[in-house]
Amino acid sequence: AKANGRSDFQFFIEAMRDEVAERVTIEHELKIALEKEQFVLHYQPQIEPGARRVVGLEALVRWQHPTRGLVFPGDFIALAEETRLIVPLGKWVLEEACRQLKYWHQAGYADLHMSVNLSPAQFHDQSLPALVRQVLAKFDLPAGQLHLEITESMAMSDPEENIIMMQALADIGVKLALDDFGTGYSSLAYLKLFPIDIIKIDRSFVKDIETDENDAAICEMTMLLAQKLGKQVVAEGVETEAQLEFVSRIGCQWIQGYLFSKPLAAAVAGNFIQGFAG
Ligand code: C2E
Ligand code: CA
Ligand code: CA
Ligand code: CA
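For the protein, an unreviewed UniProt entry supplies the name GGDEF domain-containing protein and the organism Azonexus hydrophilus.

Here is the structure:
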């Protein structure tokens, strides 16, 4: 220990204090952001290239911070989850996404679906099915056009227990998508038992699909399995024509990625939907 200088431990404490202070600040700001409605949804189109149509959109939350600008979910979702602020935030996302879907349905695009991400805290909240029913009723939406995304690792964390919640949601008629597929080590047995309709192949497998034989094999196996089990597949993160060609060749019909569009503000997404088939 140093007599006059500051010890490593003091530095450690100070660093911790800064980190805690930073977290408390962000936590406080998140609460205010909810009250002041500083959140906004962007929508990324999901495309069926064969039919030249937009089949649906994924709602992705952003935080319009008064001084930091547009903040992406990677910088606040984890903290919102830890503090459970994700539950009210997730409720807002669900409502806002459904409000927007209704608007597009009424504008003449009645076949569109909306995909909404669920966080673990939301998914483990026993009141989730009641909330979903309530929001569908509020906007008078057909349940089948709301797709709820849960990550593969969330689903696999306690599969027996999670099947009960998945079934409660499936009973409402909403569709369930297994997000980030391939990263969460699903056992094939559970894949058969989960009441899910859609599998989303994670972007990490699509990225090098043309050059990495293992990634290509995983995508091909996922397609085969999905076809056998009667599930729809979405390829995420498709950025190039070559990737599109590859995933199309192995039978994937629904594509999401920068090749077609980045996530867009609602009005811009509306123009995209209108212009796409044209
Ligand atoms: P995710 O659900 O896997 O969403 C896809 C992410 O990949 C989005 O990032 C999207 O912008 C990005 N992406 C889509 N296509 C491409 C592409 O071609 N190339 C590349 N490089 N990226 C692409 P984003 O919007 O930053 O969201 C990140 C994650 O944050 C999401 O991953 C999701 O896990 C979470 N998230 C976003 N919105 C919500 C929400 O409302 N609730 C919850 N619980 N989580 C959310
Ligand atoms: Ca997702
Ligand atoms: Ca994903
Ligand atoms: Ca992801």
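The rest of the description comes next.
Trainee: Would you mind going over the nonpolar core in detail, with residue names and values included?
Mentor: The biggest cluster of nonpolar side chains holds 82 residues, and the ones touching the most others in it are Val 132, Leu 148, Leu 169 and Val 174. Considering every element that reaches this core, the biggest residue donor is helix H3 (residues 86-106), with 9 residues. The residues contacting Leu 148, other than those within four sequence positions of it, are Leu 94, Val 116, Leu 118, Val 132, Leu 169, Val 174, Lys 175, Leu 176 and Ala 177. In terms of nonpolar packing, the next biggest core, distinct from the first, is built from 5 residues, Ala 177, Ile 198, Val 234 and Trp 254 among them.

Trainee: I'd like to hear about the coordination of the calcium ion (ligand 3), residue by residue, with values.
Mentor: In a perfect tetrahedron of four donors around a metal, the angles come out at 109.5 degrees. In a perfect octahedron of six, they are 90 or 180 degrees. The protein atoms that coordinate the calcium ion (ligand 3) are Asp 179 (OD), Asp 180 (OD), Glu 236 (OE) and Glu 236 (OE), at distances of 2.1 to 2.7 Å. Within one chain, the residues serving as donors to the calcium ion (ligand 3) are arranged as D-D-x55-E. Separation of the calcium ion (ligand 3) from the calcium ion (ligand 2) amounts to 3.8 Å, with Asp 179 serving as a shared donor to the pair. Taking relative accessible area as the criterion, Asp 180 reaches 25% and is therefore assigned partly exposed.

Trainee: Outline the pairing of strand E1 (residues 39-48), listing residues and values.
Mentor: Burial analysis of E1 places 9 of its 10 residues in the buried class, the great majority of the element. Here E1 pairs with strand E2 (residues 53-65) via 10 bridges, running antiparallel. Of the residues in E2, the one forming a bridge with Gln 46 is Gly 56. What sits between E1 and E2 in their antiparallel hairpin is a turn of 4 residues, with Arg 52 showing a positive phi close to 50°. Pairing analysis gives 2 bridges linking E1 to strand E10 (residues 264-265), with the strands arranged antiparallel. Along E10, the bridge assignment pairs Tyr 43 with Leu 264.

Trainee: So what about the coordination of the calcium ion (ligand 2)? Which residues, and what values?
Mentor: Every protein donor of the calcium ion (ligand 2) is listed here as Glu 58 (OE), Asn 117 (OD1), Glu 149 (OE) and Asp 179 (OD), and their distances to the metal cover 2.1 to 2.3 Å. Accessibility expressed as a relative area gives 4% for Glu 58, which makes it buried. Residue Asn 117 is classed as partly exposed on the basis of its relative accessible area of 27%.

Trainee: Before we move on, could you go through the layout of surface pockets and cite the residues and values that matter?
Mentor: In this approach a probe as big as a water molecule rolls over the atoms, and the regions it shows empty are the leftover space. Estimated volume of the largest pocket: approximately 900 Å³. Taken together, 36 residues make up the lining of the largest pocket; nearest its centre are Glu 58, Leu 60, Pro 73, Asn 117 and Asp 179. Counting residues per element, the lining of the largest pocket draws most heavily on E2, at 5 residues. Each residue belonging to the lining of the largest pocket can be placed in one class, and the counts come to 15 nonpolar, 10 polar and 11 charged. The space that makes up the second largest pocket amounts to roughly 190 Å³. Lining the second largest pocket are Glu 152, Phe 181, Gly 182, Tyr 185, Ser 186, Leu 188, Phe 205, Ile 218, Met 221, Thr 222 and Leu 225.

Cut-off values and rules
- Residues numbered from 1 in each chain as written.
- Chains lettered and ligands numbered in written order.
- Predicted model: local features only at pLDDT ≥ 70, side-chain atom pairs only at ≥ 80, totals over all residues.
- Heavy atoms only, no water.
- Core = buried A, V, L, I, M, F, W, Y, C linked by side-chain atoms within 4.5 Å.
- Buried < 20%, exposed > 50% of the residue type's maximum accessible area, 1.4 Å probe, protein only.
- Helix = DSSP H or I, 4+ residues; strand = E, 2+ residues; numbered from the N terminus.
- Contact = heavy atoms within 4.5 Å.
- Donors = N, O, S within 2.8 Å, 3.2 Å for Na, K, Ca; no water.
- Pairing = 2+ DSSP bridges.
- 1 Å grid on protein atoms, 1.4 Å probe; cavity = no way out; pocket = protein on both sides within 12 Å on 5 of 7 lines; lining within 4 Å.
- Points joined across faces, edges and corners; volume = space filled by probe spheres on them.
- Nonpolar A, V, L, I, M, F, W, Y, C, P; charged D, E, K, R; others polar.

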